[in-house]
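# Chains, contacts and geometry: an overview
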Amino acid sequence: MTIVWFIIWLIANNVGADEPLLLDPVNVWTGTLILAIALDLAGAHAGTVSSRRER
């Protein structure tokens, strides 16, 4: 998910206007990056929890 986000941001940054990643205040691009990282980490955690329950 994070790699997909990076590819989309890279295209948007090069084709459209300059889209910096701002942390103070958090802009839309940084917010979606945080969401993508959270989904990646939650998916990795859910995979380890579900494999423990199957045993």
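To start, this report covers the structure provided alongside it. (Residues numbered from 1 in each chain as written. Predicted model: local features only at pLDDT ≥ 70, side-chain atom pairs only at ≥ 80, totals over all residues. Heavy atoms only, no water.)

## As for the packing of aromatic side chains
Overall, the coordinates contain three aromatic pairs when judged by the stated rule. On the numbers, 6.1 Å between centres and 35° between planes, the contact of Phe-6 with Trp-9 is tilted. Of this pair, Phe-6 and Trp-9 both sit in helix α1 (residues 2–15), three residues apart, which is roughly one turn of the helix. The partly exposed category is assigned to Phe-6, whose relative accessible area is 41%. According to the relative accessible area criterion, Trp-9 is buried, its value standing at 14%. In this structure an aromatic cluster arises from ring pairing among Trp-5, Phe-6, Trp-9 and Trp-29. (Phe/Tyr/Trp six-rings, centres within 6.5 Å; stacked < 30°, edge-to-face > 60°. Helix = DSSP H or I, 4+ residues; strand = E, 2+ residues; numbered from the N terminus. Buried < 20%, exposed > 50% of the residue type's maximum accessible area, 1.4 Å probe, protein only.)

## Digging into α1
Its 14 residues place the ends of α1 20 Å apart at the C-alpha level, agreeing with the 20 Å of an ideal helix rising 1.5 Å per residue. Of all the residues in α1, the buried ones are Trp-5, Trp-9 and Asn-13. The buried residues of α1 occupy one face: seen down the axis, they fall within an arc of 60°. Among the exposed residues of α1, those oriented more than 90 degrees off its buried face are Ile-3, Ile-11, Asn-14 and Val-15. (Expected span 1.5 Å × (residues − 1). Arc of directions from axis to C-beta.)

## Brief notes about a nonpolar patch on the surface
A contiguous nonpolar patch, built from Ile-3, Phe-6, Ile-7, Leu-10, Ile-11 and Val-15 and spanning about 610 Å² of accessible area, is present on the exposed surface. Turning to its location among the elements, Val-15 is positioned in helix α1. Look at Val-15 and you get exposed, because its relative accessible area is 71%. (Patch = residues over 30% accessible without salt bridge, like charges linked within 9 Å, V, L, I, M, F, W, Y side chains within 5 Å. Areas by Shrake-Rupley, 256 points an atom, 1.4 Å probe, with all protein chains shown as cover. Salt bridge = Lys/Arg side-chain N within 4 Å of Asp/Glu carboxyl O.)

## A look at the nonpolar core
Membership of the largest hydrophobic core is limited to five residues, which are Trp-5, Trp-9, Trp-29, Leu-33 and Ala-36. If you list the elements that add at least two residues to this core, you get α1 and α2 (28–54). For Ala-36, the contacting residues outside a window of four places in its chain are Met-1, Thr-2 and Trp-5. (Core = buried A, V, L, I, M, F, W, Y, C linked by side-chain atoms within 4.5 Å. Contact = heavy atoms within 4.5 Å.)

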